[in-house]
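One-letter residues, chain by chain:
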Amino acid sequence: MTSDDGWSDSALRDVRSYTLTGGRTRPRHALNLTTCLITRPARQPAQRSPEIAELLGHCSHGPRCVAEIAAVMHQPAQVIKVLISDLLDADALALANPSAPVTDDAEVELLEALLHGLRRKV
């Protein structure tokens, strides 16, 4: 199989992400990149794919944020958010910071503060 015949690995990665989410592109829960999650050991989802098992494994050692999970699983953050949403519905995951507001404004403010700090350092 060569990259010229249309079946390259990069094309398969896009299809794989689509199949992981069942074609869904939006999570049912409001999640941002800094939302922290932890497993609920007493609860296990009915359908447990290797990706779901890996995601639960990452969250079982302590709170993990969406961005961290996406990075270690080598998946787009939006795909991870859809999988996390399914696990929240199944009570297999819980928010580790439930009192933190989940808004786009908070994420923008965090990124602006980080950028400001980096500019000051340089």
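To be clear, the structure that these remarks concern was listed above.
About the thresholds
Residues numbered from 1 in each chain as written. Predicted model: local features only at pLDDT ≥ 70, side-chain atom pairs only at ≥ 80, totals over all residues. Heavy atoms only, no water. Pairing = 2+ DSSP bridges. Helix = DSSP H or I, 4+ residues; strand = E, 2+ residues; numbered from the N terminus. Contact = heavy atoms within 4.5 Å. Axes fitted to C-alpha atoms, helices over the stretch in contact; angles between N-to-C directions. Salt bridge = Lys/Arg side-chain N within 4 Å of Asp/Glu carboxyl O. Buried < 20%, exposed > 50% of the residue type's maximum accessible area, 1.4 Å probe, protein only. Core = buried A, V, L, I, M, F, W, Y, C linked by side-chain atoms within 4.5 Å. Disulfide = S-S within 2.5 Å. Arc of directions from axis to C-beta.

Enquirer: Just give me the short version of the sheet that holds strand 3 (residues 93–95), but keep the residues and values in it.
Expert: Judged by pairing direction, the sheet is antiparallel, and its three strands sit side by side in the order 2-1-3 without closing on themselves. Edge positions in the sheet fall to strand 2 (64–65) and strand 3, since each of these pairs with one other strand and no more. Lying over the sheet, helix 4 (residues 77–89) contacts strand 1 (36–39) and strand 3, oriented at roughly 100° with respect to strand 3.

Enquirer: Tell me about the pattern of salt bridges, and please be specific about residues and values.
Expert: Where charged atoms from two side chains of opposite charge come close, those side chains can pair. For the structure shown, the criterion picks out four salt bridges. One salt bridge in this structure joins D86 and R28, with 2.7 Å as the shortest N-O distance. With D86 in helix 4 and R28 in the loop between helix 1 (9–20) and strand 1, the pair connects residues that are 58 residues apart, well separated along the chain. Residue class for D86 comes out partly exposed when judged on its relative accessible area of 21%. Here E68 makes a salt bridge to R64, at a shortest N to O gap of 3.5 Å. Classification of R64 as partly exposed rests on a relative accessible area of 23%. Each of R28, D86 and D89 takes part in salt bridges that share partners, so that together they form one network.

Enquirer: Account for the nonpolar core, with residues named and values stated.
Expert: Residues L37, L55, I69, I80, I84, L87 and L93 are the most contacted members of the largest nonpolar core, which totals 19 residues. Elements that contribute at least two residues to this core include exactly helix 2 (50–59), helix 3 (66–73) and helix 4. Sort the elements by how many residues they give to this core and helix 4 lands first, with six residues.

Enquirer: Mind laying out the environment of D91, listing which residues take part and the relevant values?
Expert: Position of D91 among the secondary structure elements: in the loop between helix 4 and strand 3. Note on D91: relative accessible area 30%, which makes it partly exposed. With 52 residues separating them in the primary sequence, D91 and T39 have C-alpha atoms 8.7 Å apart.

Enquirer: Residues and numbers for unusual backbone geometry, please.
Expert: Positioned with a positive phi, H74 is a non-glycine residue whose angle comes to about 55°. Tracing the chain through its elements places H74 in the loop between helix 3 and helix 4. With a relative accessible area of 71%, H74 lands in the exposed category. Positive phi, normally seen in glycine, also occurs at D91, with a value near 60°.

Enquirer: Which residues make up the state of the cysteines, and what values do they have?
Expert: All chains considered together, the criterion is met by zero disulfides. Here C36 stays unpaired: no disulfide links it, and the sulfur of C65, its closest cysteine neighbor, is 5.6 Å away. Overall, the relative accessible area of 22% leaves C36 in the partly exposed class. For C59, which is in no disulfide, the shortest distance to another cysteine sulfur is to C36 and amounts to 9.3 Å.

Enquirer: Before we move on, can you summarise helix 3 with the specific residues and values?
Expert: Among all positions in helix 3, only V66, I69, A70 and M73 are buried. Mapping the buried residues of helix 3 onto a view down its axis gives an arc of 100°, with all of them on the same face. For helix 3, the elements touching its buried residues are strand 1, helix 2, strand 2 and helix 4. Where helix 3 ends, the next residue or the one after it, H74, has phi of about 55°, a positive value.

Any functional reading would require information that these geometric values do not contain.
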